[in-house]
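Listed below are the residues making up each chain.
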Amino acid sequence: EQPDDVGFLRDVVGLFAATNEAYGRVDVLVNNAGITVKIPTEEIPLDVWRNVLDVNITGPFLCAREAIKSMKRTGGGRIINIGSISAKTPRPHGAPYATTKLALEGLTRSISLDGREHGIAASIIHLGATVTGQGFGNSPPSDDYQLVPADVARIAVMMAALPAEATVFDLTVLPVAQPSFIGRG
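Residues numbered from 1 in each chain as written. Predicted model: local features only at pLDDT ≥ 70, side-chain atom pairs only at ≥ 80, totals over all residues. Heavy atoms only, no water.

*Asks:* Please provide a residue-by-residue account of the layout of surface pockets, values included.
*Replies:* By volume, the second largest pocket is sized at about 160 Å³. Of all the secondary-structure elements, those providing two or more residues to the lining of the second largest pocket are helix H1 (9-23), strand S1 (28-31) and helix H2 (46-74). Element by element, the count of residues in the lining of the second largest pocket is highest for S1, at 4 residues. When the residues that make up the lining of the second largest pocket are grouped by side-chain class, the tally is 10 nonpolar, 4 polar and no charged. (1 Å grid on protein atoms, 1.4 Å probe; cavity = no way out; pocket = protein on both sides within 12 Å on 5 of 7 lines; lining within 4 Å. Points joined across faces, edges and corners; volume = space filled by probe spheres on them. Helix = DSSP H or I, 4+ residues; strand = E, 2+ residues; numbered from the N terminus. Nonpolar A, V, L, I, M, F, W, Y, C, P; charged D, E, K, R; others polar.)

If you want it as structure tokens, here you go:
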């Protein structure tokens, strides 16, 4: 049997139904699932392309859609999407990942517009070099320090703790020594 997957409607609907039944509401959603591949664009198999899109953009869409239904019913909430600086400065051989992270910014903007009259805020955190366990192919970033999951969690908690009337829409978080995004030295 296939494990639960944010790219499958059945699994996402079941997750939110169980959450609403157990807690009666969804106040905060953090869309953090993501996968990457390192393959030259002309060699990317269609099934690989579709899998990255399913996890990285269809999954956040499905989760946001279900969260919005609950948030509208209960008077608001916050959706925080975990993006990447790859949306602005992609790595070589990372077309599916960069595409989805740029699309995630568009999805965040749309959710922000659609949700504001219902008290639903949407935000995106563009991360720089981050230890994820999946790496990027066989060539991790050369920066000495990489963000760790606890860094990302603290930032998401800070954003979730903002007053309901305030939001940080777009936040870029990098290791201080990551020069590749800011410019050349």
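*Asks:* Tell me about the sheet that holds strand S4 (residues 170-173), residues and numbers included.
*Replies:* Pairing within the open sheet is parallel, and its 4 strands lie in the order S1-S2-S3-S4. Looking at strand neighbours, the two that pair on one side only are S1 and S4, the edges of this open sheet. Each neighbouring strand pair of the sheet contributes to a mean axis angle of 20°, computed without reference to strand direction. Pairing geometry for S1 and strand S2 (residues 77-84), over 4 bridges, is parallel. Considered in S2, the bridge of valine 28 is made with arginine 78. The sheet contacts of H2 involve S1, S2 and strand S3 (120-127), and relative to S1 the element is tilted by about 175°. (Pairing = 2+ DSSP bridges. Axes fitted to C-alpha atoms, helices over the stretch in contact; angles between N-to-C directions. Contact = heavy atoms within 4.5 Å.)

*Asks:* So, the pairing of S1: which residues are in play, and what are the values?
*Replies:* Remember that side chains alternate between the two faces of the sheet whenever the strand is regular. The two faces of S1 differ: Leu29 and Asn31 on one face are buried, but Val28 and Val30 on the other face are not. Chirality of the crossover, the property in question, places the unit of S1, H2 and S2 among those that are right-handed. (Buried < 20%, exposed > 50% of the residue type's maximum accessible area, 1.4 Å probe, protein only. Right-handed = clockwise from strand over helix to strand, strands pointing away.)

*Asks:* So, the side chain of histidine 126: which residues are in play, and what are the values?
*Replies:* In this structure, histidine 126 sits in strand S3. Take histidine 126: its relative accessible area is 0%, and that puts it in the buried class. At a separation of 3.4 Å, a polar atom in the side chain of histidine 126 contacts the side chain of glutamate 105. (Polar contact = N/O pair within 3.5 Å; in protein donor to acceptor, adjacent residues only side chain to side chain.)

*Asks:* So what's going on with the packing of H2 against helix H3 (residues 95-115)? Residues and values would help.
*Replies:* The contact between H2 and H3 brings their axes to 8 Å, and the two run at 15°. In terms of orientation, H2 and H3 fall into the roughly parallel class. For the element pair H2 and H3, the recorded crossing hand is right-handed. Contacts between H2 and H3 involve Trp49, Val52, Leu53, Asn56, Ile57, Pro60, Phe61, Ala64 and Ile68 from the first element and Ala95, Pro96, Tyr97, Thr99, Thr100, Ala103, Leu104, Leu107 and Ile111 from the second. For the contact of H2 with H3, the per-class residue count stands at 15 nonpolar, 3 polar and no charged. (Parallel < 35°, antiparallel > 145°, perpendicular 65-115°, else oblique. Left-handed = near helix turned anticlockwise from the far one by under 90°.)

*Asks:* So what's going on with the environment of asparagine 51? Which residues, and what values?
*Replies:* Within the element layout of this structure, asparagine 51 appears in helix H2. For the pair asparagine 51 and proline 96, spaced 45 residues apart in sequence, the C-alpha separation works out to 9.3 Å.

*Asks:* Give me the nonpolar core: which residues, what numbers.
*Replies:* The nonpolar side chains of a soluble globular protein tend to be buried, and buried together. Membership of the largest hydrophobic core comes to 17 residues, with the highest contact counts inside it found for Phe16, Leu29, Ala67, Met71, Ile79 and Ile111. Those elements giving two or more residues to this core turn out to be H1, H2, H3 and S3. For this core, the leading source of residues is H2, giving 6 residues. Beyond its immediate chain neighbours, meaning those up to four positions away, alanine 67 contacts Phe16, Val26 and Leu29. With 10 residues, the next largest nonpolar core counts Ile125, Leu127, Val152 and Val173 among its residues. (Core = buried A, V, L, I, M, F, W, Y, C linked by side-chain atoms within 4.5 Å.)

*Asks:* So what's going on with unusual backbone geometry? Residues and values would help.
*Replies:* Unlike most non-glycine residues, histidine 93 shows phi in positive territory, near 65°. Counting through the fold element by element, histidine 93 comes out in the loop between S2 and H3.

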